[in-house]
Amino acid sequence: MSTTDPHVDVITFEVLRHRLWELNDEMALMMGRISGSPSVYESGDFNVAILTSDGQGLYAGVFVVRQASALDIVVQKVIEVFGDNIHEGDAFMTSDPWYGALHAMDAAVVMPVFHDGVRVAWTGVVVHELDMGGARPGSWCVGARDAYQEVPLMPPVKIVEAGKVRHDVEVTFLRNSRTPEMNALNLRAKIASQNMTGDRLREIIDEYGRDTFLAVQQKI
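This is a predicted model, so every value here is computed, not measured.

S.K.: Would you mind going over a nonpolar patch on the surface in detail, with residue names and values included?
M.R.: On the surface, Val10, Ile11 and Val15 cluster together into a nonpolar patch covering about 290 Å² of accessible area. Here valine 15 is to be found in helix H1 (residues 10–34).

See below:
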């Protein structure tokens, strides 16, 4: 986080606080419109979040709160694993509970938001996928004695690099699923909704300035 003085006048703070809130809701709305998965548009078994540049949660969506509240762990683990290899146009994915996914059917994608080369925030989307492999359709492996008898785990990987989907990683992700087309559409929905949100956040910074944007984050 920036060491910017967190003082922001109350009107600017309230305007930006609610604007960020609406952007987070808009990200969820776009995710729902693109996704073809009933776990998203029927049961709402997903969530979205906006986070600070170092992975502290700012906003969680109105869906499964515990999913969004774990995205801070996902982002912090991505930072820990990738270090300086985090660049504009990248996106990272994991389904590993030891890296912040609640369970192995929750595939999370997080994206850094940069402004003029400086990382200023993160966004995240996590979805309970219909099937991620394992012994039973739906991936609920009742009777498993340990994680190795359940769904294959994916630690944090770079799924998008410099704005391009890494197809080798995507194929690996989809290979074990009985619903690869649905999971592939969800992946594109996660990326698209976060691309839009990143653009919206940069518009706010262009309008109010980076220092104000970071100060509002600290005040929140």
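S.K.: Mind laying out the nonpolar core, listing which residues take part and the relevant values?
M.R.: Leu20, Met31, Phe46, Val120, Leu201 and Phe213 are the most contacted members of the largest nonpolar core, which totals 27 residues. When residues of this core are traced back to their parent elements, those giving at least two are H1, strand E1 (46–51), strand E2 (57–60), strand E5 (118–128), helix H6 (180–208) and helix H7 (210–219). Beyond its immediate chain neighbours, meaning those up to four positions away, leucine 201 contacts Leu20, Leu23, Val113, Ala121, Thr123 and Phe213. Membership of the second largest hydrophobic core comes to 18 residues, among which are Ala104, Ala107, Val109 and Met154.

S.K.: Give me the lowdown on the packing of H1 against H6, citing residues and values where you can.
M.R.: In the contact formed by H1 and H6, the axes pass within 8 Å of each other and the chain directions differ by 160 degrees. Between H1 and H6, the angle is such that the two are roughly antiparallel. In this structure, the crossing between H1 and H6 has a hand that is right-handed. Of the residues belonging to the contact of H1 with H6, the class tally is 15 nonpolar, 5 polar and 5 charged.

S.K.: Before we move on, could you go through the sheet that holds E1 and cite the residues and values that matter?
M.R.: The strands making up a sheet associate through hydrogen bonds between their backbones, and the pairing can be parallel or antiparallel. One open sheet accounts for 7 strands, arranged E2-E1-E5-E4-E3-E6-E7; its pairing is antiparallel. What marks the edges here is a single partner per strand, and that holds for E2 and strand E7 (164–165). Summarising the sheet, strand E3 (residues 91–94) and strand E4 (residues 106–115) pair through 3 bridges and their orientation is antiparallel. Across the sheet, threonine 94 pairs through a bridge with alanine 108, a residue of E4. Against the sheet, helix H5 (residues 167–175) engages E3, E4, strand E6 (157–161) and E7, with an angle of about 130 degrees to E6.

Rules and cut-offs
Residues numbered from 1 in each chain as written. Predicted model: local features only at pLDDT ≥ 70, side-chain atom pairs only at ≥ 80, totals over all residues. Heavy atoms only, no water. Patch = residues over 30% accessible without salt bridge, like charges linked within 9 Å, V, L, I, M, F, W, Y side chains within 5 Å. Areas by Shrake-Rupley, 256 points an atom, 1.4 Å probe, with all protein chains shown as cover. Salt bridge = Lys/Arg side-chain N within 4 Å of Asp/Glu carboxyl O. Helix = DSSP H or I, 4+ residues; strand = E, 2+ residues; numbered from the N terminus. Core = buried A, V, L, I, M, F, W, Y, C linked by side-chain atoms within 4.5 Å. Buried < 20%, exposed > 50% of the residue type's maximum accessible area, 1.4 Å probe, protein only. Contact = heavy atoms within 4.5 Å. Axes fitted to C-alpha atoms, helices over the stretch in contact; angles between N-to-C directions. Parallel < 35°, antiparallel > 145°, perpendicular 65-115°, else oblique. Left-handed = near helix turned anticlockwise from the far one by under 90°. Nonpolar A, V, L, I, M, F, W, Y, C, P; charged D, E, K, R; others polar. Pairing = 2+ DSSP bridges.

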